[in-house]
Amino acid sequence: MAFVRFLIPCFVIGTDIVFSCENTDDLVGASSPGDIVIGGLFAVHSEMMHPEEHPIKPVIQNCAGFEIQIFLQTLAMIHAIEMINNSTLLPGVTLGYEIYDTCAEVTKAMASALRFLSKFDSSEDVVEFKCNYSDYIPRIKAVTGATYSEVSMAVSRLLALQLIPQVSPASSAEILSDKIRFPSFFRTIPSDFHQTRAMTHLICESGWNWIGVIATDDDNGRLAVESFGVQAMANNVCIAFKEMLPAYLSDNTFHIKVDHVVEKIVKETRVNVIVVFMRQFHVLKVFKKAIERNVNKIWIASDNWSSAVKISTIPNIRQLGTIVGFGFKSRDISAFQNFLRNLHEMPTDNNKFLREYVMLLQVCAHLEYYDFQACISNQSQDDLLQNVENKHQIWKDEFLNANIEPGFIHSTVLAVYTIAYAIKGLCKNRNCKDPFAFTPWELLEELKNVTVIYDDKEIKFDSNGDMSTSYDVFLWKEIDGHMKITTMAEYDPRKGDFIFEDEEKKKAFLDLKKVQSTCSQHCPPGQMKKVTGSPHTCCYECVYCPENHYSNQTDMDYCYQCDNKTYWAPVNSSTCYSKTIHFLAWTDWFAIFLLLLSAFGVVLVLSISVIFTKNLNTPVVKASGGLTVCYIILFSHFLIFLSTTFFIDEPTEFKCKTRQALFGISFALCISCILIKSLKILLAFSFDPKLQNFLKCIYKPVPIVVTCTGIQVIICTFWLIFRTPFVKQNFSISRAIILECNEGSVLAFGIMLGYIAALAFICFIFAFKGRKLPENYNEAKFITFGMLIYFIAWIVFIPVYATTFGKYLPAVEIIVVLISNYGILCCTFLPKCYIIIYKQETNTKSAFLKMIYTYSSKSASSVAVSQISLDSKSSSSRATVSDSCKSQKNSVNGNAHFQVPGQTLVKGKALPKNTARTMARKRLSSI
């Protein structure tokens, strides 16, 4: 194996061996006669020599830089043809071949293609110019090749003139799928579209988005970069830089460009992944320079060099980092390997490539792990002719088998077989030993529909002339101190997925994610990308999602907005949260406090009812209007306290409709009854005859209560019918939904409250006029206080209610209701309860008579003084009762009569002594 190892480090063997071109036959690299001849175009040498003399003459130059890999492809073509000739695939028909070296130059390839177009059996290789080549028989029937897409594009355009089918095993440029521009071109590999998509898929799977691209500056390189750029953009992958190297090593700027590329890679510290679309000899030059600069990256290799052993054996190649490549899927090539083992038995007379290879082996046989290019440059031509005796030692070391690129070998063999199967289809009813049996364009039509049985599988071209085979994903691994090219996965272009044989290989694939190659740090969920001044979208800042927005994936371009009605999100959120439903619940401490106050009010109402019931016949209870009026007032207070419970817990349609109506009607009933009491007190203690007559006219307790309460009922009924309150979801709070009652009509709500206020104001006026009652009988004074409390509470309520929001909004109204209700209840009944309980000596008939008598005496004197001061010229000296009320009964509360004493008051004289007593008895009876 020593000999195998010495040639593994380098596959580019440059030589200045001159195969002079005296005639066109000298251009042929390898040939074999046959009934049907197939042409071959392979870049066996990496460059064509350029003349130094001036002026430059149109002479086809010799080539340098022997490419072992391409040489193996020529052998694969020869091997496939020999296998077909030795099989029953084409019975009675022999295939021949003519293989030419393009030297990776379009010019050289075009010269070979011109010879393909020359007329069959022409001694001078003349290409006839014709308008119709339908019956034209050229030198060859089909072409296998070329190696590089740039060459294939040029050759295919020339071959299309006669529609000579061309089947390439290596040209992968996407543009070659265009059947309008390249109607006769086929290939046994996928187009670069699938390769660039696979590369982009790998990059995305690994979390990279900031990469560099270097490529050969030829048609293939430029088109590959263009295709990759489109795929990258579609997947949000940014290309930090693109660098192109001259296609030809003879370019004077080549080494300068290599230095520039390596310098660019070194400077771009955030770029840790480099995609390389280059020819093998370009990769060699760049990698050697990169090793010198201690570059360590992840390199993604195109099919051109992904399985190139000559690159994997560069000294210190492991220092470059990780190399991942895509290569064409291969099949069993054991037959070709056996062919190579017997290669030393093959004659070299008609194979210049083989002859040159043997001579180069002899010169450099003593080297191991060294550069073969340096070896050749140090040898003279005499050295190539020495040591012939070592020949057999060279062959037995299986050097060529160690340097096979299986994907290219398989595609080359397959290219020959597709042509053979197409010939088989044409030769069913023809004598194909005759060179004129069919034309190339007929073979082209057969190729479009041919189905090849190869390795027990059916293979055919698609409508673009491509074969959609899979890719092998290679990982270069160091094993036992040597870099080995291992298969990590398979990529299926149809499904766009990576397929792994076992978990170990999948783990190796996932380990690639450990390397970061991003322009900016990844934005975690809860953040979004904000593009900076860079032209690349991959360069950005990570900013928090604002409130009520979220992002649930990494590197999102924008944050999603939550449904503001039902969801919310804090700043820097990765999800939306459901808003909490808020309302004044039973369990809320404030609601409990308010309920306790309401319950206490209910207890107070019941207690007052019990006290008044037990003291039914006392003067205080009778003076309060009797038990019926008191019960009605107390019942309305009870309903008001009860209405507060409808403001608590989750609002419903029933609660929203009930609470305001119950409160409004109950309060109107309460105020109506208190209004009757105010009128009664004013009527009992008024000494103004006109006012008394007026009060007698309007004092009708039951109609007043029914009317005043009925108006409120009508207001609430219209409200509930036309603009009924309803349950509303309030979204004004960002993190909660407030369930509340919408009053339906603010106007109706205002009218209801305004009506109560109007009743209270009237009640206040009447009570205020009767505020100067006997000292121990001051109900009017307390009614006045009660109404004042009501007014103050509701005046404060309006601005507070208008500016309050949230779940405690109902509590505001509850508080006002409780304050006003407690105020009126306490001012109306607690003074009487105090007298009943603690001033029992004053709660007797005699005590009340004495109090009223004293008050009446004072009031009578005041009336007399007032009457004396009247106009003395008045023709009428007696106060008379208005005729307008004569028809009405002079009774108050149905149990006593009241009238102003009918005495004439004379200026300067006092009233009779019994007047005060009479008035006291009548007022007591009235009350």
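Here, residues in each chain are numbered from 1, in the same order as that chain's written sequence. With pLDDT at 70 or above as the cut-off, local features in this predicted model cover only qualifying residues; side-chain atom pairs require 80 or more to be listed or tallied, and sums for whole chains, interfaces and linings still use all residues. Just so you know, side-chain values use all the structure's heavy atoms and leave hydrogens and water out.

K.L.:
Sorry if this is basic, but what is going on with the sheet that holds strand β19 (residues 497-499) here?
P.N.:
Paired through backbone hydrogen bonds, the strands of a sheet run either parallel or antiparallel to each other. The strand order β11-β10-β12-β13-β14-β17-β18-β19 describes an open sheet built from eight strands, whose pairing is mixed. Across the chains shown, the open sheet's two edge strands, defined by having one partner strand only, are β11 (238-246) and β19. Adjacent strand axes in the sheet meet at a mean angle of 25°, parallel and antiparallel pairs treated alike. At least two DSSP bridges between two strands are required for those strands to pair. Where helices and strands are cited, they refer to DSSP runs of H or I of at least four residues and of E of at least two residues respectively, numbered from the N terminus. Two elements, strand β14 (residues 321-328) and strand β17 (residues 471-479), share five bridges in a ladder whose sense is antiparallel. The partner of G327 across the bridge, within β17, is D472. Throughout, a residue-residue contact means that at least one pair of heavy atoms, one from each residue, lies within 4.5 Å. Here an axis means a line fitted to C-alpha atoms, over the contact stretch when the element is a helix, while the angle between two N-to-C directions is reported on a 0 to 180 degree scale. Packed onto the sheet, helix α7 (residues 254-267) meets β10 (210-217), β11, β12 (273-277) and β13 (297-301) and runs at close to 160° relative to β11.

K.L.:
So what exactly am I meant to see when it comes to the nonpolar core here?
P.N.:
As a rule of thumb, nonpolar side chains are buried together in soluble globular proteins. Counting residues in hydrophobic clusters, the biggest one holds 72 residues, and the most contacted among them are F612, F663, M787 and W794. Of all the secondary-structure elements, those providing two or more residues to this core are α19 (589-614), α20 (619-623), α21 (626-643), α22 (653-685), α24 (701-722), α25 (746-769), α26 (779-803) and α27 (809-838). Among the elements that take part in this core, α27 stands out by supplying 14 residues, more than any other. Here M787 is in contact with I671, I674, A760, C763, F764 and I824, once residues within four sequence places are set aside. Take the buried Ala, Val, Leu, Ile, Met, Phe, Trp, Tyr and Cys residues and link them wherever side-chain atoms come within 4.5 Å; each set so joined is a nonpolar core. Here the term buried applies to any residue with accessible area under 20% of the maximum for its type, exposed to any over 50%, and partly exposed to those in between, with areas from a 1.4 Å probe on protein chains only.

K.L.:
How should the confidence of the model for the protein be read in this particular structure?
P.N.:
Low pLDDT means the predicted atomic positions in that stretch should not be read closely. pLDDT is a per-residue confidence score from the predictor, ranging from 0 to 100. With 82% of its residues at a pLDDT of at least 70, the protein reaches an overall mean of 82. Of the regions scoring below 50 in pLDDT, residues 1-20 engages in 80 contacts with residues more than four places distant in sequence or in other chains. Residue range residues 376-394 is modelled with pLDDT below 50. Its contacts to residues more than four positions away, or to other chains, number 23 contacts.

K.L.:
Sorry, what's going on with the packing of α24 against α25 here?
P.N.:
For any two helices packed against each other, one specifies the inter-axial angle together with the distance between the axes. As a packed pair, α24 and α25 sit with axes 9 Å apart at the nearest point and diverge in direction by 170°. Comparing the axis directions of α24 and α25 gives the class roughly antiparallel. Residues T707, C708, I711, Q712, I715, C716 and W719 of α24 touch α25, and the partners they reach there are A748, F749, I751, M752, Y755, I756 and L759. Ten residue types, Ala, Val, Leu, Ile, Met, Phe, Trp, Tyr, Cys and Pro, are classed as nonpolar, four, Asp, Glu, Lys and Arg, as charged, and the remainder, Gly among them, as polar. Its residues assigned to classes, the contact of α24 with α25 comprises twelve nonpolar, two polar and no charged. When an angle is under 35 degrees it counts as roughly parallel; over 145 it counts as roughly antiparallel; between 65 and 115 it counts as roughly perpendicular; any other value is oblique.

K.L.:
Teacher, can you tell me more about the environment of I459 here?
P.N.:
In this fold, I459 is placed in strand β16 (residues 457-460). Residue classification places I459 among the buried positions, given a relative accessible area of 14%. Remark: the alpha-carbon pair of I459 and L414, spanning 45 residues in sequence, is separated by 9.3 Å. Setting aside its immediate chain neighbours within four residues, I459 contacts L414, V450, T451, V452, Y454 and M467.

K.L.:
What am I meant to see in the sheet that holds strand β6 (residues 95-101) here?
P.N.:
Spatially, β2-β6-β3-β7-β8-β9 is the arrangement adopted by the six strands of the open sheet, whose pairing is mixed. In the strand order of this sheet, the two ends are held by β2 (28-32) and β9 (185-187), each with one partner. Across the sheet, the mean angle from the axis of one strand to that of its neighbour is 20°, orientation sign disregarded. Sheet strands touched by helix α2 (residues 68-85): β2, β3 (36-42), β6 and β7 (142-145). Its angle to β6, the strand with the most contacts, is close to 170°. This element, helix α16 (residues 406-426), spans β3, β6, β7 and β8 (166-168) of the sheet and lies at about 165° to β7.

K.L.:
Is there a simple way to think about the pattern of salt bridges in this case?
P.N.:
Note that side chains of opposite charge can pair when their charged atoms are close. For salt bridges, the criterion is a side-chain nitrogen of Lys or Arg within 4 Å of an Asp or Glu carboxyl oxygen. A complete count under the given rule lists 28 salt bridges for this structure. Residue R318 pairs with E478 through a salt bridge whose shortest N-O separation is 3.7 Å. A residue pair is termed long-range when its members are at least 10 positions apart, and R318 in the loop between α9 (309-312) and β14 and E478 in strand β17 qualify at 160 residues. For E478, a relative accessible area of 43% puts it in the partly exposed group. The structure contains a network of salt bridges with shared partners spanning E98, R115 and R139.

K.L.:
Explanation requested: the state of the cysteines in the structure shown.
P.N.:
Any covalent bond linking the sulfur atoms of two cysteines counts as a disulfide. By definition, disulfides here are pairs of cysteine sulfur atoms that lie within 2.5 Å. Tallied over the full model, the rule gives eight disulfides. A disulfide bridge connects C427 with C432, and the sulfur atoms are separated by 1.7 Å. What sets the handedness of the C427 and C432 disulfide is the S-S torsion sign, and at about -105° it is left-handed. Look at C427 and you get buried, because its relative accessible area is 16%. Linked covalently through their sulfurs, C562 and C576 form a disulfide whose S-S length is 1.8 Å. Between C562 and C576 the sulfur-sulfur dihedral comes to about -90°; the bridge is accordingly left-handed.

K.L.:
Teacher, can you tell me more about the packing of α19 against α21 here?
P.N.:
Where α19 meets α21, the axes come as close as 9 Å, and the angle between the chain directions of the two elements is 170°. It follows that α19 is roughly antiparallel to α21 by the angle criterion. The residues of α21 that touch α19, namely those facing S598, G601, V602, V605, I608, S609, F612 and T613, are L627, C630, Y631, L634, H637, F638 and F641. Of the residues in the contact of α19 with α21, the class split is ten nonpolar, five polar and no charged.

K.L.:
Just to check I follow, could you spell out the side chain of K297 for this structure?
P.N.:
For K297, the position within the fold is in strand β13. We treat Lys and Arg as the positive residues and Asp and Glu as the negative residues; His and chain ends play no part in the count. Comment: no salt bridge for buried K297; closest opposite-charge side chain is E268, at 8.0 Å. Pairs of N or O atoms are called polar contacts if they sit within 3.5 Å, as long as, within protein, a hydrogen donor faces a hydrogen acceptor (for residues adjacent in sequence, only side-chain-to-side-chain pairs). In terms of polar contacts, K297 uses its side chain to reach the backbone carbonyl oxygen of E268, at 3.5 Å. A polar atom in the side chain of K297 sits 2.6 Å from the backbone oxygen of V271. Those residues within four positions of K297 in sequence are excluded, and the remaining contacts are I265, E268, T269, V271, N272, I274, L320, G321 and T322.

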